[in-house]
Amino acid sequence: MKPLRRAAMALLAAIYLAALAAAWLAPAGYARQFRESPDAKPSAVFLLGTDELGRDSFARLLYGSRVSLSLAPAAAALATLVGAVAGVSAGYWGGWIDTCLARLMDLFLSVPWLFLLLSVRAVLPLNVRPLESIGITFLLLGLLGWAGPARVLRAAAHEVKSEDFMVQARARGSSPVRVLSLHLLPNLAPVLAAQFWMSIPLFILSEANLGFLGLGVAEPVPSWGNLLAGLQNLDAVAGCPWRLAPLVLLLVVMACFHFIVPMEDFSK
Amino acid sequence: MNVRWAGFALAWLVVQSPLRSARIPEPVPGGELRFCLHAEPKTFNTLMVSEEPDEVVRFLTGGVLIRMNRETQALEPELAESWRILDGGRKIEFKLREGVRFSDGSALTAADVLFSLRSVLDPALHSPAGEPFRTGQGKPLVSQPGSRRILVSLAAPMPGVERLFDEVPITSARAVEKSAHPADMPGLGPFHVVEYRPGSSLLLARNPFYWKRDEAGRSLPYLDSVRLSIQQNRDLELARFLHGEIHLINGLDAESFERVAAKSPGEARDTGRSLESEELWFNQVARAPIPEYRKQWFRSREFRRAVAQAINRADLARLVYRGHAAPAIGPVSPANLAWFNANLRVPTFDPDAALARLKAAGFSLAGSALHDREGHGVEFSVITNSGNKSRERLATMIQQDLARIGIRLNVVTLDFGSLIERITRTFDYESCLLGMVNVDLDPSAEMNVWLSSASSHAWNPAQTSPETSWEADIDRLMRAQAVETSFKRRKALFDRVQEIVVEEAPVVVLVDKNALSAVSRSLGDVTPAVLHPQTFWNIDRIYLRGGAGR
Amino acid sequence: MTTPAGLPESAVDPRPSTPLISMRLSAGYRGRPPVVENVELDMAPGEILGLVGRSGEGKSTIAMAILKLLSIRGGKATGEIRFRGRELLTLSEREMRRIRGREISLVPQSPIAALNPALTIGTQFREAWNAHSSAPYAGFEPRLGELLAGVSLPSEPQFLRRHPGELSVGIAQRVLIAMALVHRPALILADEPTSALDTITQSEILGLLARLNRELETAILYISHDLLSVASLCHRVAILHQGSIVECGPVSQIFARPQHPYTRKLLASIPRHPL
Ligand SMILES: Nc1ncnc2c1ncn2[C@@H]1O[C@H](COP(=O)(O)OP(=O)(O)OP(=O)(O)O)[C@@H](O)[C@H]1O
Ligand SMILES: [Mg+2]
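The rules behind these values
- Residues numbered from 1 in each chain as written.
- Chains lettered and ligands numbered in written order.
- Predicted model: local features only at pLDDT ≥ 70, side-chain atom pairs only at ≥ 80, totals over all residues.
- Heavy atoms only, no water.
- Helix = DSSP H or I, 4+ residues; strand = E, 2+ residues; numbered from the N terminus.
- Buried < 20%, exposed > 50% of the residue type's maximum accessible area, 1.4 Å probe, protein only.
- Contact = heavy atoms within 4.5 Å.
- Areas by Shrake-Rupley, 256 points an atom, 1.4 Å probe, with all protein chains shown as cover.
- Lys, Arg positive; Asp, Glu negative; His and termini not counted.
- Charge placed at Lys NZ, Arg CZ, Asp CG, Glu CD.
- Rg over C-alpha atoms; globule rule 2.2 N^0.38 Å.
- Core = buried A, V, L, I, M, F, W, Y, C linked by side-chain atoms within 4.5 Å.
- Near = heavy atom within 4 Å.
- Polar contact = N/O pair within 3.5 Å; in protein donor to acceptor, adjacent residues only side chain to side chain.
- Nonpolar A, V, L, I, M, F, W, Y, C, P; charged D, E, K, R; others polar.
- Buried area = accessible area lost by both parts, 1.4 Å probe.
- Salt bridge = Lys/Arg side-chain N within 4 Å of Asp/Glu carboxyl O.
- Arc of directions from axis to C-beta.
- Pairing = 2+ DSSP bridges.
- pLDDT = per-residue confidence, 0-100.
- Axes fitted to C-alpha atoms, helices over the stretch in contact; angles between N-to-C directions.
- Left-handed = near helix turned anticlockwise from the far one by under 90°.

Novice: Looking at this structure, I do not really get the overall build of chain A. What am I missing?
Specialist: The number of helices and strands found in chain A is 12 helices and 0 strands. Listing the helices and strands of chain A from first to last along the sequence gives α-α-α-α-α-α-α-α-α-α-α-α. If you line up chain A on its principal axes, its C-alpha atoms span 75 × 50 × 30 Å. Here chain A holds 268 residues, and 51% of them are scored as buried. Residue pairs at least 24 apart in sequence account for 73% of intrachain contacts in chain A once pairs closer than 6 positions are excluded. When the accessible surface of chain A is summed, it comes to about 12000 Å², and 72% of that surface belongs to carbon and sulfur atoms. Placing the 20 positive and 16 negative side-chain charges of chain A at their respective mean positions leaves the two points 7 Å apart.

Have a look at this one:
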């Protein structure tokens with residue numbers, strides 16, 4: 001498990017570095033439409049060919065990786081943070097705080113997302129620049145995705161809370177701050193980490209769905225979400241295996257995450 | 001002129017038919033044609049049909065007094081042997097064809113026709129086919145001045161009214177009573193329903209009493225039966241076609257078309273420009289919740305024209321539709337043979353001229369960004385519906401085209417409900433990219449689009465009085481053509497409307513999409529048209545090569 | 001060792017007639033019938049009271065109720081608990097926190113589980129100190145040495161750097177007893193402190209508790225179902241059965257003349273063994 005995990009981390013780091021170096025690796029840029037060569041096959045000029053509007057697919061993949069690989073972890077961190085605050089508060093303090101927060105979590109997990117997102121879209125301004133849309137998408141994913149982690153952390157906090165050493169710490173007269181920071185959080189760290197890693201692939205995929213409601217990363221900025229959406233037509237891919245590059249990259253990254261997420265921590 | 005028109009149509013038939021029969025091998029009768037309905041039929045009552053699947057069934061099984069030839073767009077006599085327009089367009093008199101029988105063998109009587117017309121025209125029955133007649137100027141009356149003559153008297157003249165009878169079903173009280181059991185329902189069309197399996201399929205058999213005969217005197221239709229499978233999923237429909245399970249697909253998109261073409265080139269049929277276009281318009285609603293300076297741009301003719309000039313329509317057609325679309329000329333597609341203004345030309349793509357036009361109107365370039373007179377950067381959003389790849393691509397290409405003249409365009413895709421809400425109720429949008437379809441060719445059918453008071457006047461609906469002089473002009477021209485009886489004068493009026501729309505560019509018509517369909521090579525005499533029902537409008541003449549084969 | 005400042009008069013009042021703690025307590029868990037009802041107990045300063053009952057009778061529930069920590073496990077206590085002149089059940093959480101570990105300490109049943117596995121012993125001593133003293137920890141360190149020596153533990157830095165996982169159960173229990181004594185509480189609640197230990201270690205711990213009681217005059221509520229250990233350690237014993245105290249009195253009296261049938265049954269189950 002250990003060397004595999006290290007290899008996965010190295011691979012992920014390599015992909016991320018390549019994405020950061022997009023400007024050097026793919027000088028054509030992600031937006032420029034070479035309208036005379038749409039749907040081109042891979043060549044020395046266009047390593048992965050071009051899309052239907054003649055945009056360099058390799059550049060779009062790299063820039064898309066940059067967006068998705070920064071957006072998703074940032075959103076995951078935000079969701080985990082909000083989820084941790086809510087979940088730990090609910091699980092630790094219990095009582096009416098728990099009742100309210102648990103209700104809120106259930107509500108968030110059962111709410112018709114479509115409806116919620118439609119309302120969000122209605123409230124946000126239309127004139128959002130493509131780069132701003134990245135920020136909005138990240139905030140939305142993070143702020144709306146907190147309930148899953150919160151529920152897990154609530155259960156974990158609830159469990160850790162009644163551990164003997166927690167009772168003992170309180171019986172010693174330690175302040176709540178100290179009990180939380182010294183005893184609870186360190187013991188929740190593996191759960192937090194697992195939630196964080198698990199949210200990342202989830203958010204990479206959700207971003208594409210947000211696009212359907214006018215909330216995702218906006219044209220012409222590429223993201224894995226909108227690159228994958230372009231693969232929905234299976235026929236467009238038949239005979240053009242290079243078009244599967246975004247999917248392959250996503251699978252590789254998901255596999256990396258799978259090996260990085262310490263699965264043994266769930267059995268705890 | 002209307003009689004002349006009908007005469008012209010007849011003459012055309014006479015001239016065309018020998019040519020056609022000489023060109024094709026002898027049709028072999030028999031066999032079953034199969035294609036898909038895209039939804040469950042809602043009703044078999046021909047009087048109440050409003051949705052596409054019901055319309056398909058009515059087209060195959062029902063009869064009408066006048067039929068529009070989908071290829072020539074000319075009106076042809078059907079159950080009416082001929083018709084006359086009387087009293088300055090206030091009345092229309094039909095002479096009924098002799099010897100027409102229902103599919104159960106009973107004769108079509110003048111009483112049946114009276115019943116049908118009265119039912120359609122009765123406001124209390126809410127027949128969708130009667131909708132265009134309900135002008136609010138009184139109820140049309142139907143009478144029988146002679147044994148085989150039927151007279152419809154309108155409250156006010158309606159030029160071009162005869163075309164509406166293509167949609168007015170002729171049926172009988174008996175048939176309407178049986179519409180809950182379609183297999184028992186007598187009809188006047190080439191086929192009649194013999195089996196209906198809800199959710200699955202509909203089997204139509206040849207109507208043995210159908211009145212039409214071919215040039216050799218053989219009774220039509222050639223086909224024995226038509227099987228309609230209810231299939232909502234267009235991908236599955238395509239797969240079934242590619243496997244040879246069905247013979248026809250109407251309304252293909254460009255990508256599916258390419259798939260059919262790749263597999264068997266002869267079966268993908270591109271009929272050229274259709275009546276469907278894609279358009280971009282600017283929000284000109286005074287109370288729209290958008291910044292005042294942006295409204296100023298959208299109200300500026302020069303701004304709108306510059307945008308129109310800066311968009312490379314040819315590229316849009318070539319890339320987004322893979323060449324199965326053409327740069328739009330004006331608001332009316334050349335596919336509308338009678339009403340298209342042939343003096344209009346495809347607007348030229350000229351970013352430099354667009355920039356010059358903007359500069360003349362007080363805009364200026366600072367670096368690569370365009371600014372208005374007050375120094376606001378020119379940036380606005382375009383909304384379109386999500387899930388429509390073509391529209392998203394159009395928007396992305398327009399984004400790059402406009403970037404060349406320093407305009408920053410932000411593309412927002414919205415679900416259809418939210419989009420409609422914004423363009424019809426809240427007016428919280430700046431520009432919108434949507435498609436338009438013209439089903440009825442007559443300009444009177446477009447009153448609800450062009451009149452400034454109309455609710456579908458996209459860029460600024462329901463104005464109490466026209467807010468611009470050119471909209472006032474359009475109002476006047478549209479109202480005038482609606483009561484003008486001479487086709488030539490109507491055409492002149494409507495030509496002017498088309499010119500104004502191009503000059504003022506409230507909507508930038510981008511491309512006319514081609515009518516694409518798939519037709520099995522085992523079918524004979526299929527001549528896809530741009531008008532509904534595209535591939536099988538001449539269903540009574542379509543035949544299977546080798547008869548029952550395939 | 002100095003007397004902590006601010007102790008109420010009654011704490012230093014030598015009159016043995018004033019109880020250190022006296023309670024009339026009902027307690028239970030949400031959605032269940034009450035575990036104990038109107039349990040009446042009192043303890044004099046410096047006294048060791050044995051609380052005996054079979055498993056599940058509610059002994060730990062009483063201990064947690066005294067510390068007002070029952071809510072952690074979803075329980076609730078009503079009645080009254082007078083401790084050094086204050087009514088614990090009406091104190092705020094903040095005031096109660098100043099009592100826990102400073103005036104009343106807890107020595108638990110499972111010593112290993114009661115230490116945070118992620119922290120060193122030293123860190124947990126520091127936490128215990130900081131909980132009630134704003135004085136620098138460095139000033140406490142010499143006393144920590146004495147404290148550890150008092151419970152027969154090494155006081156070298158290496159020992160304090162160890163994690164709970166590296167300790168034996170007996171050592172861990174000594175650590176916890178030492179921690180309970182950091183602020184010289186007036187009362188130690190020892191909830192079956194020996195049940196996890198082997199017999200030799202058990203008797204060592206019992207000896208330790210007896211010595212602490214003698215030397216520091218700390219009162220001990222000694223909870224157990226082991227009557228032998230109770231007999232050897234306690235001054236008085238209370239028998240808990242079916243939610244109430246069925247019998248309470250000096251050890252000699254209860255062991256010699258048990259009144260209640262339940263007590264007799266308990267005594268009958270002790271293997272005959274010279275003390
Ligand atoms: N968190 C809880 N929720 C519900 N019921 C509980 C909880 N903790 C204990 N109980 C119940 O309360 C009763 C008393 O439990 P308690 O732990 O006080 O007994 P005890 O006398 O300490 O037993 P032992 O000798 O096994 O430690 C038992 O029946 C137990 O099942
Ligand atoms: Mg217990």
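Picking up after the structure, the text goes on.
Novice: Would you explain the overall build of chain C in this entry?
Specialist: Of regular secondary structure, chain C possesses 11 helices and 10 strands. Since a compact globule built from 275 residues should have a radius of gyration of about 19 Å, the 18 Å found for chain C is in line with a globular shape. With the principal axes as the frame, chain C shows a C-alpha extent of 55 × 45 × 40 Å. Buried positions account for 52% of the 275 residues belonging to chain C. Residue pairs at least 24 apart in sequence account for 66% of intrachain contacts in chain C once pairs closer than 6 positions are excluded. Of the roughly 12500 Å² of accessible surface on chain C, a fraction of 51% belongs to carbon and sulfur atoms. Computed over 30 positive and 25 negative side-chain charges, the separation of the two mean positions in chain C equals 3 Å.

Novice: Could you clarify how one ought to interpret the nonpolar core in this entry?
Specialist: Nonpolar side chains tend toward joint burial in soluble globular proteins. Grouped together as the largest cluster of nonpolar side chains are 75 residues, with contacts concentrated most on Phe 303 and Leu 402 of chain B. Grouped together as the second largest cluster of nonpolar side chains are 53 residues, Ala 8, Ala 79, Trp 242 and Cys 256 of chain A included.

Novice: What should I look at first to understand the arrangement of the chains in this one?
Specialist: Summarising the chain contacts, 2 pairs of chains touch, and the pair with the most contacts is chains A and B. Over all C-alpha pairs, chain B and chain C never come within contact, reaching a minimum spacing of 48 Å.

Novice: Help me understand the site of ligand 1, please; the structure alone is not making it clear to me.
Specialist: Residue and element names in this part refer to chain C. Taken together, 14 residues lie around ligand 1, and Ser 55, Gly 56, Ser 60, Thr 61 and Glu 192 are the ones closest in. A distance of 2.8 Å separates an oxygen atom of ligand 1 from a polar backbone atom of Gly 56. Taking Thr 61, its side chain carries an N or O atom lying 2.4 Å from an oxygen atom of ligand 1. Notes on ligand 1: free accessible area 630 Å², of which the protein chains cover 69%. Per-element accounting of the shell around ligand 1 gives the leading share, 3 residues, to helix H2 (residues 59-67). Of the residues in the shell around ligand 1, the class split is 2 nonpolar, 7 polar and 5 charged.

Novice: Explain the interface of chain A and chain B here, please?
Specialist: Accessible area lost upon the coming together of the parts is a frequently used measure of interface size. If you look at the interface, chain A gives 29 residues, while chain B gives 34 residues. Approximately 2500 Å² of surface area, both sides summed, lies buried where chain A meets chain B, with 46% of it carried by carbon and sulfur atoms. Sorting the residues of chain A by area buried against chain B places Arg 35, Leu 126 and Asn 127 of chain A first, and these three jointly supply 31% of that buried surface. The interface formed by chain A and chain B holds 6 salt bridges in total. In this structure, Arg 129 of chain A engages Glu 379 of chain B in a salt bridge whose closest nitrogen and oxygen atoms are separated by 2.7 Å. One can count 13 residue pairs in polar contact (both at pLDDT 80 or more) joining chain A with chain B. At 3 residues, helix H5 (residues 113-123) of chain A tops the list of elements feeding residues into the side of chain A that touches chain B.

Novice: What exactly am I supposed to notice about helix H5 (residues 234-242) of chain B here?
Specialist: Because the α-helix completes a turn every 3.6 residues, residues three or four places apart line up on one side. Residues and elements named next belong to chain B. Restricting attention to buried positions, one finds in H5 the residues Glu 237, Leu 238, Phe 241 and Leu 242. Buried positions in H5, seen along its axis, are confined to an arc of 135° and lie on one side of it. Lining the buried residues of H5 we find strand E1 (32-37), strand E11 (248-249), helix H6 (254-263) and strand E19 (507-519). Backbone geometry just downstream of H5 places Gly 244 in the positive-phi region, at approximately 80°.

Novice: How do you make sense of the interface of chain A and chain C when you look at a structure like this?
Specialist: Taken together, the contact between chain A and chain C spans 18 residues of the former and 27 residues of the latter. Here chain A packs against chain C, burying approximately 2100 Å² in sum over the two surfaces, 54% of which is carbon and sulfur. Among the residues chain A hides against chain C, the three largest losses belong to Gln 168, Arg 170 and Arg 172 of chain A. Together they make up 32% of the total. Counting every contact that joins chain A to chain C gives 3 salt bridges. Across the pair Arg 172 of chain A and Glu 127 of chain C runs a salt bridge, and its minimum N-O distance is 2.9 Å. Counting across the interface, chain A meets chain C through 13 residue pairs in polar contact (both at pLDDT 80 or more). When residues of the side of chain A that touches chain C are traced back to their parent elements, those giving at least two are helix H8 (164-171) and helix H9 (176-211) of chain A. For the side of chain A that touches chain C, the element with the highest residue contribution is H8 of chain A, accounting for 7 residues. When the residues that make up the side of chain A that touches chain C are grouped by side-chain class, the tally is 6 nonpolar, 7 polar and 5 charged.

Novice: Explain the sheet that holds strand E2 (residues 36-43) of chain C to me, please; I cannot follow it from the model alone.
Specialist: Sheet strands line up and pair through hydrogen bonds in the backbone, either parallel or antiparallel. All names here are of chain C. One open sheet holds the 4 strands; their spatial order is E2-E1-E4-E5, and the pairing between them is antiparallel. Looking at the sheet topology across the chains shown, the edges are occupied by E2 and strand E5 (86-87). Bridge count for strand E1 (residues 21-29) against E2 is 6 bridges, and the pairing is antiparallel. Each bridged residue has a counterpart across the sheet, and for Met 23 the counterpart in E2 is Leu 41.

Novice: Any chance you could explain the side chain of Ser 333 of chain B here in plain terms?
Specialist: Mapped onto the elements of the fold, Ser 333 of chain B is located in the loop between strand E13 (325-327) and helix H10 (351-360). When residues no more than four places from it in sequence are discounted, the contact partners of Ser 333 of chain B are Arg 273, Ser 274, Leu 275, Phe 340 and Asp 512 of chain B.

Novice: Is there a simple way to explain unusual backbone geometry in this structure?
Specialist: Excluding glycine, residues mostly carry a negative phi; peptide bonds, for their part, are mostly trans. Residues and elements named next belong to chain B. For the bond running from Leu 220 to Pro 221, omega is -5°, close enough to zero to count as cis. The topology assignment puts Pro 221 in the loop between strand E9 (201-206) and strand E10 (225-230). For the bond running from His 532 to Pro 533, omega is 0°, close enough to zero to count as cis. Counting through the fold element by element, Pro 533 comes out in the loop between strand E20 (523-524) and strand E21 (543-544). The backbone of Gln 73 shows a phi angle near 60°, a positive value even though the residue is not glycine. Turning to its location among the elements, Gln 73 is positioned in the loop between strand E2 (66-68) and strand E3 (75-77). Residue classification places Gln 73 among the buried positions, given a relative accessible area of 7%.

Novice: Is there a simple way to think about the confidence of the model for chain A in this case?
Specialist: Detailed reading of predicted coordinates is not advised where the pLDDT is low. All names here are of chain A. The predicted model of chain A has a mean per-residue pLDDT of 85, with 95% of residues at 70 or higher. For chain A, per-element mean pLDDT is lowest for helix H11 (residues 234-237), which scores 68, and highest for H8, which scores 91. Between residues 264-268, whose pLDDT stays under 50, and residues either more than four places distant or in other chains, the model counts 6 contacts.

Novice: Would you explain the packing of helix H3 (residues 57-93) of chain A against helix H12 (residues 245-260) of chain A in this entry?
Specialist: Two measures define how a pair of helices packs: the angle their axes make with one another and the distance between the axes. Residue and element names in this part refer to chain A. Running from amino to carboxyl end, H3 crosses H12 at an angle of 35°, the nearest separation of the two axes being 11 Å. Crossing geometry of H3 relative to H12 is assigned as right-handed. On the side of H3, the interface is formed by Leu 61, Ser 65 and Leu 69, while H12 contributes Ala 245, Pro 246, Leu 249 and Val 253. Taken together, the residues of the contact of H3 with H12 sort by class into 6 nonpolar, 1 polar and no charged.

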